[in-house]
Amino acid sequence: MAIEIASVNWPAARRARYSVRQSFRYEYPEPVRDLKHRLVVIPPERFGDQRRLRHQVSVGLDGVRLDDREDRFGNNVVEVFAPQVTSAIEFDVDISVERRAAHPNRLPDGWLADGYLLQPSALTTPDARLRSIADELCASAHSGLELAGRINSWVHESMTYEYGVTGVRTTAAEALAQGAGVCQDYAHIMLTVCRACGLPARYVSGHLLGQGGTHAWVEVVLPTDDGTGDAIAWPFDPTQASRAGLGHVTIAVGADYSDVAPTSGTYVSPRLGRLETSKTVTLTELEYAAG
């Protein structure tokens with residue numbers, strides 16, 4: 001049974017369980033061949049306080065092969081191969097996850113070995129304006145967590161949420177120049193400034209309860225002070241001007257959006273296909289702190 005979102009006292013919540021259902025339907029004006037598709041829609045078995053309880057990806061078409069693998073970021077990737085698609089192919093996703101408050105996402109020693117947390121990516125390379133902004137913000141804070149909070153607030157105040165003015169190839173510099181975009185752009189801008197300030201950070205793709213599309217936010221990764229070499233991934237949502245909380249469901253992480261696009265692929269045909277998507281995220285269980 002679904003729980004009404006408006007009735008939830010989030011500060012007092014200690015455990016939440018969600019059901020996520022998605023559909024991706026591609027329709028083609030004529031048969032296509034050699035379809036190779038990539039789905040990043042299943043969360044890891046464990047991610048910080050989040051635990052995957054159930055997952056299924058189904059394809060309503062005969063002769064299709066599905067392969068599961070893990071990418072270099074630890075994400076679950078489903079690869080789909082179809083020798084021919086006559087007119088349409090549809091991917092249906094069904095997952096259930098549980099989250100618990102006050103359980104930080106602790107990363108083991110060696111978390112910085114890959115280097116992508118600090119390196120500019122194709123979508124997060126700073127221009128002169130972003131480098132100048134990073135210098136100003138770096139000088140305004142005394143700690144990494146304080147600086148991350150200031151960057152989060154600055155991005156939110158500098159942008160206007162507007163759908164349709166940016167695309168999946170829009171860079172952080174381009175989005176900031178026009179001052180408008182969607183959650184993906186907010187996340188790219190925050191990543192750019194964080195990395196320019198020397199704050200290790202990564203792009204997070206997932207779902208936000210109450211929103212229709214896929215959501216994006218940022219994790220700033222800071223070392224612990226207990227001498228273990230471990231780190232804590234602190235989640236920030238610049239679109240919402242807040243920390244990411246129990247209402248966020250993580251699916252995948254990467255350097256930027258291109259690493260975690262939920263659906264992408266290729267096929268052989270002179271004609272373009274058309275994509276229809278749908279998604280529902282339902283809060284199914286909720287537990288409050290005692291007292």
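Nothing here was measured: the structure is a model prediction, and the numbers come from that model.

What exactly am I supposed to notice about the overall build of the protein here?
Helix and strand content of the protein: 5 helices and 17 strands. Against the globule reference of 19 Å for 291 residues, the protein gives a C-alpha radius of gyration of 20 Å, in line with a compact fold. With the C-alpha coordinates of the protein rotated into their principal frame, the extents come out at 60 × 50 × 35 Å. Long-range pairs, those at least 24 residues apart, make up 74% of the contacts in the protein between residues at least 6 apart in sequence. Carbon and sulfur atoms form 49% of the exposed surface of the protein, whose accessible area is close to 13,900 Å².

What am I meant to see in the nonpolar core here?
Generally speaking, soluble globular proteins have nonpolar side chains that are buried together. By size, the foremost hydrophobic cluster in this structure holds 69 residues, and its most contacted members are Tyr18, Ile151, Ile189 and Val220. In terms of residue count, helix H4 (residues 183-196) provides more of this core than any other element does, 8 residues in total. Each residue touching Ile189, except ones within four places of it in the same chain, is listed here: Leu130, Trp154, Val155, Met159, Ala172, Ala175 and Leu176. Trp111, Val221, Val253 and Ala255 belong to the second-largest nonpolar core, a separate cluster that totals 14 residues.

Before we go on, may I ask you to explain the environment of Ser205 in this structure?
Residue placement: Ser205 occurs in strand E11 (residues 201-208). C-alpha of Ser205 to C-alpha of Val40: the two residues are 165 residues apart in sequence and 9.4 Å apart in space. Excluding anything up to four places from it in sequence, Ser205 contacts Thr214, His215, Trp217, Val249, Thr250, Ile251, Ala252 and Val260.

Where do I start with the side chain of Asp185 in this structure?
By the secondary structure assignment, Asp185 is in helix H4. Of the side chains bearing the opposite charge, Arg169 lies closest to the buried Asp185, which forms no salt bridge; the N-O distance is 12 Å. Apart from residues lying up to four places away in sequence, Asp185 is in contact with Met159, Thr166, Thr170 and Ala175.

Just to check I follow, could you spell out the state of the cysteines for this structure?
Covalent bonding between the sulfur atoms of two cysteines is what defines a disulfide. Inspection of every chain in the model, using the stated rule, returns 1 disulfide. Linked covalently through their sulfurs, Cys138 and Cys197 form a disulfide whose S-S length is 2.4 Å. On the criterion of sequence distance, the pair formed by Cys138 in helix H1 (residues 128-138) and Cys197 in the loop between H4 and E11 is long-range, its members being 59 residues apart. Judged by relative accessible area, which is 17%, Cys197 ranks as buried. Cysteine Cys183 is unpaired, with the sulfur of Cys194 as its nearest cysteine sulfur at 16 Å. The cysteine Cys194 is free of any disulfide, with Cys197 supplying the nearest cysteine sulfur at 7.0 Å.

Where do I start with the packing of H1 against helix H2 (residues 144-158) in this structure?
How two helices sit against one another is set out by the angle between their axes and by the gap between those axes. Where H1 contacts H2, the axes come no closer than 10 Å and their chain directions differ by 135 degrees. Considering their axes alone, H1 and H2 lie oblique with respect to each other. Between H1 and H2 lies a crossing of right-handed hand. Only Leu147, Arg150, Ile151 and Trp154 of H2 make contact with H1, whose side of the interface consists of Ile133, Leu137 and Cys138. Looking at the contact of H1 with H2, its residues break down into 6 nonpolar, no polar and 1 charged.

In this structure, what is going on with the sheet that holds strand E16 (residues 263-268)? I would like to understand it.
Hydrogen bonding along the main chain pairs the strands of a sheet, whether they run parallel or antiparallel. Taken in spatial order, the 4 strands line up as E5-E6-E2-E16 in an open sheet, and their pairing is antiparallel. Looking at the sheet topology across the chains shown, the edges are occupied by strand E5 (65-70) and E16. Each adjacent strand pair in this sheet contributes to an overall mean axis angle of 15 degrees, direction not counted. In terms of strand pairing, E5 meets strand E6 (residues 76-85) through 6 bridges, oriented antiparallel. Bridging from a neighbouring strand, Glu70 pairs with Asn76 of E6.

Help me understand the environment of Pro44, please; the structure alone is not making it clear to me.
The topology assignment puts Pro44 in the loop between strand E2 (32-39) and strand E3 (46-47). As a C-alpha pair, Pro44 and Gly74 span 30 residues in sequence and 7.5 Å in three-dimensional space.

I keep staring at the sheet that holds strand E1 (residues 13-27) and nothing clicks. Help me out?
Strand order in this open sheet of 5 strands is E3-E4-E7-E1-E17, and the pairing throughout is antiparallel. What marks the edges here is a single partner per strand, and that holds for E3 and strand E17 (274-288). In this sheet, strand E7 (residues 88-100) lies alongside E1 in antiparallel orientation, the contact comprising 13 bridges. Residue pairing in the sheet places Tyr18 in a bridge with Val97 of E7.

Sorry if this is basic, but what is going on with the packing of aromatic side chains here?
Each pair of aromatic rings is reported with the distance of its centres and the angle of its planes. Inspection of the entire model under this criterion finds 5 aromatic pairs. Ring plane angle 75 degrees and centroid distance 4.8 Å describe the contact between Phe73 and Tyr116, whose orientation is recorded as edge-to-face. Here Tyr116 lies in the loop between strand E8 (105-107) and H1 and Phe73 lies in the loop between E5 and E6, a separation of 43 residues in the sequence.

Cut-offs applied
Residues numbered from 1 in each chain as written. Predicted model: local features only at pLDDT ≥ 70, side-chain atom pairs only at ≥ 80, totals over all residues. Heavy atoms only, no water. Helix = DSSP H or I, 4+ residues; strand = E, 2+ residues; numbered from the N terminus. Rg over C-alpha atoms; globule rule 2.2 N^0.38 Å. Contact = heavy atoms within 4.5 Å. Areas by Shrake-Rupley, 256 points an atom, 1.4 Å probe, with all protein chains shown as cover. Core = buried A, V, L, I, M, F, W, Y, C linked by side-chain atoms within 4.5 Å. Buried < 20%, exposed > 50% of the residue type's maximum accessible area, 1.4 Å probe, protein only. Lys, Arg positive; Asp, Glu negative; His and termini not counted. Salt bridge = Lys/Arg side-chain N within 4 Å of Asp/Glu carboxyl O. Disulfide = S-S within 2.5 Å. Axes fitted to C-alpha atoms, helices over the stretch in contact; angles between N-to-C directions. Parallel < 35°, antiparallel > 145°, perpendicular 65-115°, else oblique. Left-handed = near helix turned anticlockwise from the far one by under 90°. Nonpolar A, V, L, I, M, F, W, Y, C, P; charged D, E, K, R; others polar. Pairing = 2+ DSSP bridges. Phe/Tyr/Trp six-rings, centres within 6.5 Å; stacked < 30°, edge-to-face > 60°.

All we've got here are geometric facts, nothing functional implied.
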